[in-house]
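Commentary on secondary and tertiary structure
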Amino acid sequence: MLTNDVREFLKKPLIARLTVIDPNGYPHSVPLWFDVDGDDIIIISDRKTKKIDYIAANPKASLTMGGDSVEGVGYSFKGRCSNEEDPDYRWLKQMTYRYEENPQADKDIELWRTTLDMMIIRFKIDKVMKVA
């Protein structure tokens, strides 16, 4: 599903925009961090956010990154999300180190691990579209 060009693009620590559907049928878009696990995109989240509830009710979503004046080329993905546990905070740690340098990363990992109910959103890709 992911070409070499897309995989190379996804190595960049960009801000992605996840769009899910709220109970009234409106799009709910949020900026967030991401990483890749095989052909899936992984997102970390506090369990108490609206997007977690919206995904539980309707797993269809889109994810967009790049395609702006900074990155130029970008990609938009359509797919399905699932809410999953993050045993041992593997993804929390991996993603925080991807986006932040120490000592800030260590501080944020400890803060989020002890004050939030962290989990992951697994985004399974159905379609990839290049955007510019």
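Preceding block: the structure.
All values reported here derive from a predicted model rather than from experimental measurement.

1. Thoughts on the packing of helix H3 (residues 90-99) against helix H4 (residues 104-115)
- Across the interface, H3 lies against H4 with an axial gap of 9 Å and an inter-helix angle of 145°. Seen from above, H3 lies across H4 with right-handed handedness. Here H3 contributes Leu92, Lys93, Thr96 and Tyr97 to the contact with H4, which in turn contributes Ala105, Asp106, Asp108, Ile109, Trp112 and Arg113.
- Partitioning the contact of H3 with H4 into residue classes produces five nonpolar, one polar and four charged.

2. Quick look at the environment of Thr114
- Mapped onto the fold, Thr114 is located in helix H4.
- Within the structure, Thr114 has its side chain in polar contact with the backbone oxygen of Leu111 (distance 3.3 Å).

3. Some details on the sheet that holds strand S3 (residues 35-37)
- Reading across from one edge, S2-S1-S5-S6-S7-S4-S3 is the order of the seven strands in this open sheet, with antiparallel pairing throughout. The two strands at the open ends of the sheet, each matched to only one other strand, are strand S2 (27-32) and S3. Neighbouring strand axes in the sheet, compared pairwise and without regard to direction, differ in orientation by 35° on average.

4. Digging into H4
- An ideal rise of 1.5 Å per residue puts 16 Å on twelve residues; H4 measures up with 16 Å between its terminal C-alpha atoms.
- For H4, the full list of buried residues reads Ala105, Asp108 and Ile109. Along H4, the residues classed as buried sweep out an arc of 105° about the axis, all on the same side.
- Check the buried side of H4 and you find it contacts H3.

What counts and how
Residues numbered from 1 in each chain as written. Predicted model: local features only at pLDDT ≥ 70, side-chain atom pairs only at ≥ 80, totals over all residues. Heavy atoms only, no water. Axes fitted to C-alpha atoms, helices over the stretch in contact; angles between N-to-C directions. Helix = DSSP H or I, 4+ residues; strand = E, 2+ residues; numbered from the N terminus. Left-handed = near helix turned anticlockwise from the far one by under 90°. Contact = heavy atoms within 4.5 Å. Nonpolar A, V, L, I, M, F, W, Y, C, P; charged D, E, K, R; others polar. Polar contact = N/O pair within 3.5 Å; in protein donor to acceptor, adjacent residues only side chain to side chain. Pairing = 2+ DSSP bridges. Expected span 1.5 Å × (residues − 1). Buried < 20%, exposed > 50% of the residue type's maximum accessible area, 1.4 Å probe, protein only. Arc of directions from axis to C-beta.

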